[in-house]
Structures are given as structure tokens and as C-alpha cells.
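Listed below are the residues making up each chain.
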Amino acid sequence: MAAKKPKGMKWDGKSRVSNDLYRKNYNKIFRKVDDPFKKEYDELKESYEQSKKSKKEREELLKEIEDRIGF
């Protein structure tokens, strides 16, 4: 019969030693990477939408003025 191994804490299959290197590598592999251009893209899109809205309001105002003058 084989020699018995000493019993200790059984590994649960999930526990990891958490040190700085482990955290760094874990984050590198599993964390979602933020797109550095997303914020700029969102700001530009918002600015574009505001510009379209202003253009529409300006065109409506000009049409109203033309209607009053009779062109």
C-alpha cells in the first residue's frame, strides 16, 4: 500500500494567491479594456447632434421670416 499523504487544506479549485503580479496579469487578461477614443467619440456625436438641431431651428426661423415678408 502506498504511503499516505499528509492532509491539509484541500484546494477548492478557485483559490489563488493574490499578489500584485497575479492581479496585474488577471486584469490584463480578463478586464474589459476601455476604449480611449470612446469619450471623444461621444462628445463629438453629441456636438454633431446639437449642430443638426441648431441648423433645423435656423432653417425654420428663416422660413418663418420669408413667409412674413412674402418671398
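Residue positions within a chain follow its written sequence, with the count starting from 1. Note on the predicted model: pLDDT of at least 70 is required for a residue's local features to be given, and 80 or more for side-chain atom pairs to be given and counted; whole-chain, interface and lining totals, by contrast, use all residues. Excluded from the side-chain calculation are hydrogens and water; included are all heavy atoms of the structure.

### As for the overall build of the chain
Strands are runs of DSSP state E lasting at least 2 residues, helices are runs of H or I lasting at least 4, and numbering of each runs from the N terminus. Each helix and strand in the chain was counted, giving two helices and zero strands. Exposure categories follow from relative accessible area, calculated using a 1.4 Å probe and restricted to protein chains: below 20% of the type maximum is buried, above 50% is exposed, and the middle band is partly exposed. Across the 71 residues of the chain, 0% fall into the buried class. We get accessible surface area from the Shrake-Rupley algorithm with a probe of 1.4 Å; when it comes to residues, only the shown protein chains can shield them. For the chain, the accessible surface area stands at approximately 8100 Å², while carbon and sulfur atoms represent 56% of it.

### Comments concerning the pattern of salt bridges
Pairing between side chains becomes possible if they bear opposite charge and their charged atoms approach one another. Criterion for a salt bridge: a side-chain nitrogen of Lys or Arg within 4 Å of a carboxyl oxygen of Asp or Glu. Counted according to the given criterion, the structure contains four salt bridges. Notably, a salt bridge pairs Arg68 with Glu64, separated by 2.6 Å at the nearest N-O pair. Here Arg68 pairs with Glu64, and both are found in helix 2 (residues 38-69), just four residues apart, close to one helical turn. Relative accessible area serves as the criterion here: at 62%, Arg68 is assigned to the exposed category.

### Thoughts on a nonpolar patch on the surface
Surface patches are drawn from residues lacking salt bridges whose relative accessible area is over 30%; two like charges belong together within 9 Å, two nonpolar side chains (Val, Leu, Ile, Met, Phe, Trp, Tyr) within 5 Å. On the surface, Tyr22, Tyr26, Ile29 and Phe30 cluster together to form a nonpolar patch covering roughly 430 Å² of accessible area. Topologically, Tyr26 is positioned in helix 1 (residues 20-30).

### A few points about helix 2
Taking 1.5 Å per residue, 32 residues should reach 46 Å; helix 2 reaches 46 Å between its end C-alpha atoms and fits that length. Among the residues trailing helix 2, Gly70 stands out with phi positive, at a value near 100°. One less than the number of residues in a helix, times 1.5 Å, gives the span that helix is expected to have.

### Focus on the packing of aromatic side chains
Side-chain rings of Phe, Tyr and Trp (the six-membered ring for Trp) are treated as a pair once their centres are within 6.5 Å; stacked means planes under 30 degrees apart, edge-to-face means over 60, and tilted covers the remaining angles. By the definition in use, this model includes two aromatic pairs. Geometrically, the ring pair formed by Tyr22 and Tyr26 is stacked, given 6.2 Å between the ring centres and 25° between the ring planes. Within this pair, Tyr22 and its partner Tyr26 are both found in helix 1, separated by four residues, close to a single helical turn. The exposure class assigned to Tyr26 is partly exposed, which follows from its relative accessible area of 35%. Here a set of aromatic residues connected by ring pairs shows up, and it is made of Tyr22, Tyr26 and Phe30.

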